[in-house]
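# Per-entry structural report
Residues per chain are reported as follows:
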Amino acid sequence: MNDLSRLADMAEILGALVVVGGLVFAIMQMRNFRQQRRELAAIELFRFFGNTDFNRAYECVLKLPDDLSAKEIAARRPDLDHCAMLICTTMENIGVMTHQRIVPFVIVDNLMGTTAVILWKKLEPWVVAMREQIESPAAFEWFQWLAERLDELHNPDAPPAFLAHKAWRPARLSKEI
């Protein structure tokens, strides 16, 4: 009887260890899945900026003088409305992904923080006119939200990346992956 009791105790302990080990493994898998999801979202974010049409629109809007009205923006070039729409819809998507924490804020900030704020300042009159025209105050609301958060949380004393990370070195010089 004593041996049977001892075997039952050991089986109970082993069962508890298996359950705990399963929970630890499940938690590790969930964390790994979340990290993979963030990395895939970041890759998608990079693809937004690799698009030729977006790059063309980005260049056109970035070169606009500040404080142009919506009419002045539209009168500048025939395709500027298209460029503004492409920038706004892209930034809208990025704003939603950032708010939902699909893409980490730090990645968005590092990739396009200052630029998003500049684009918003240049396109804000165009967006306000668009909101009035379509009678929707929510048009491009996530673009505005994103630009305001990036501007609000920007550290003006932070040095640019090429200075801040000047001493950075890869973990290994070969076979990093």
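In every chain, residue numbers begin from 1 and rise along the written sequence. The predicted origin of the model limits local features to residues at a pLDDT of at least 70 and limits the giving and counting of side-chain atom pairs to 80 or more, whereas totals for whole chains, interfaces and linings rest on all residues. With hydrogens and water excluded, all non-hydrogen atoms of the structure serve as input to the side-chain values.

## Examining the overall build of the protein
A tally of helices and strands in the protein yields seven helices and zero strands. To get the radius of gyration, use the C-alpha atoms; to get the globule rule, take the number of residues to the power 0.38 and multiply by 2.2 Å. Here the C-alpha atoms of the protein give a radius of gyration of 25 Å, more than 25% beyond the 16 Å that 2.2 N^0.38 yields for 177 residues. When the backbone C-alpha atoms are referred to their principal axes, the protein occupies close to 95 × 45 × 30 Å. In the protein, buried positions account for 26% of the 177 residues. In this description, contact between two residues means that some pair of their heavy atoms is separated by no more than 4.5 Å. Contacts in the protein between residues far apart in sequence, at least 24 positions, make up 75% of those at least 6 positions apart. Accessible area of the protein: about 12,700 Å², with a carbon and sulfur share of 59%. Positive charge is attributed to Lys and Arg, negative charge to Asp and Glu, and no charge count is given to His or to the chain ends. For this purpose, a charge sits on NZ of Lys, CZ of Arg, CG of Asp or CD of Glu. Within the protein, the 23 negative side-chain charges are centred at a point lying 8 Å from the centre of the 20 positive side-chain charges. The secondary structure listing takes helices from DSSP runs of H or I that are at least 4 residues long and strands from runs of E that are at least 2 residues long, numbered from the N terminus. Three exposure classes are used, based on accessible area relative to the maximum for each residue type with a 1.4 Å probe and protein chains only: buried under 20%, partly exposed in between, and exposed over 50%. To measure how exposed things are, a 1.4 Å probe is used in the Shrake-Rupley method; for residues, cover is taken only from the protein chains shown.

## Details of helix α5 (residues 105-134)
Since one α-helical turn is 3.6 residues long, residues separated by three or four positions face the same way. How far a helix is expected to stretch is found by multiplying one less than its residue total by 1.5 Å. Helix length check: α5 (30 residues) gives 30 Å between terminal C-alpha atoms against 44 Å at 1.5 Å per residue, more than 12% under. At Met112, α5 shows its maximal kink, close to 75°. Two residues or fewer after α5 comes Glu135, characterised by a positive phi angle close to 55°. Bend angle per residue: angle between axes fitted to the 7 residues ending at that residue and the 7 residues starting there.

## So, a nonpolar patch on the surface
Side chains of Leu40, Ile43, Phe46 and Leu111 sit close together on the surface and give an oily, nonpolar patch of about 360 Å² of accessible area. When residues of the nonpolar patch are assigned to their parent elements, the largest contribution, three residues, is made by helix α1 (residues 2-50). Checked against the element boundaries, Ile43 lands in helix α1. For Ile43, a relative accessible area of 39% corresponds to the partly exposed category. Every patch collects residues that have over 30% relative accessible area and no salt bridge, joining them within 9 Å if they carry like charges and within 5 Å if they are nonpolar side chains (Val, Leu, Ile, Met, Phe, Trp, Tyr). Note on definitions: salt bridges are taken to be side-chain nitrogens of Lys or Arg within 4 Å of carboxyl oxygens of Asp or Glu.

## Quick word on the packing of α1 against helix α2 (residues 52-62)
In this analysis, axes come from line fits to C-alpha atoms, helices being fitted only over the stretch in contact, and the angle between any two N-to-C directions falls in the range 0 to 180 degrees. Where α1 contacts α2, the two axes come as close as 5 Å, and the packing angle between them is 65°. Here α1 contributes Phe48, Phe49 and Gly50 to the contact with α2, which in turn contributes Thr52, Phe54 and Asn55. Side-chain classes are defined by residue name, with Ala, Val, Leu, Ile, Met, Phe, Trp, Tyr, Cys and Pro counting as nonpolar, Asp, Glu, Lys and Arg as charged, and the others, Gly among them, as polar. Within the contact of α1 with α2, the residues separate by chemical class into three nonpolar, three polar and no charged.

## Comments concerning helix α4 (residues 80-99)
In a regular helix each residue adds 1.5 Å, so 20 residues correspond to 28 Å; α4 covers 28 Å between its end C-alpha atoms and thus fits that length. Within α4, burial applies to Leu80, Cys83, Ala84, Ile87, Cys88, Thr90, Met91, Glu92, Ile94, Gly95, Met97 and Thr98. Structurally, α4 contributes buried residues whose contacts are with α1, α2, α3 (70-76), α5 and α6 (141-153). Residue Arg101 follows α4 closely and has a positive phi angle near 60°.

## Some points on the confidence of the model for the protein
This prediction gives the protein a mean pLDDT of 87; 97% of its residues lie at or above 70. pLDDT measures how confident the predictor is about each residue, on a scale from 0 to 100. Per-element averaging of pLDDT across the protein places α1 at the bottom with 82 and α6 at the top with 96.

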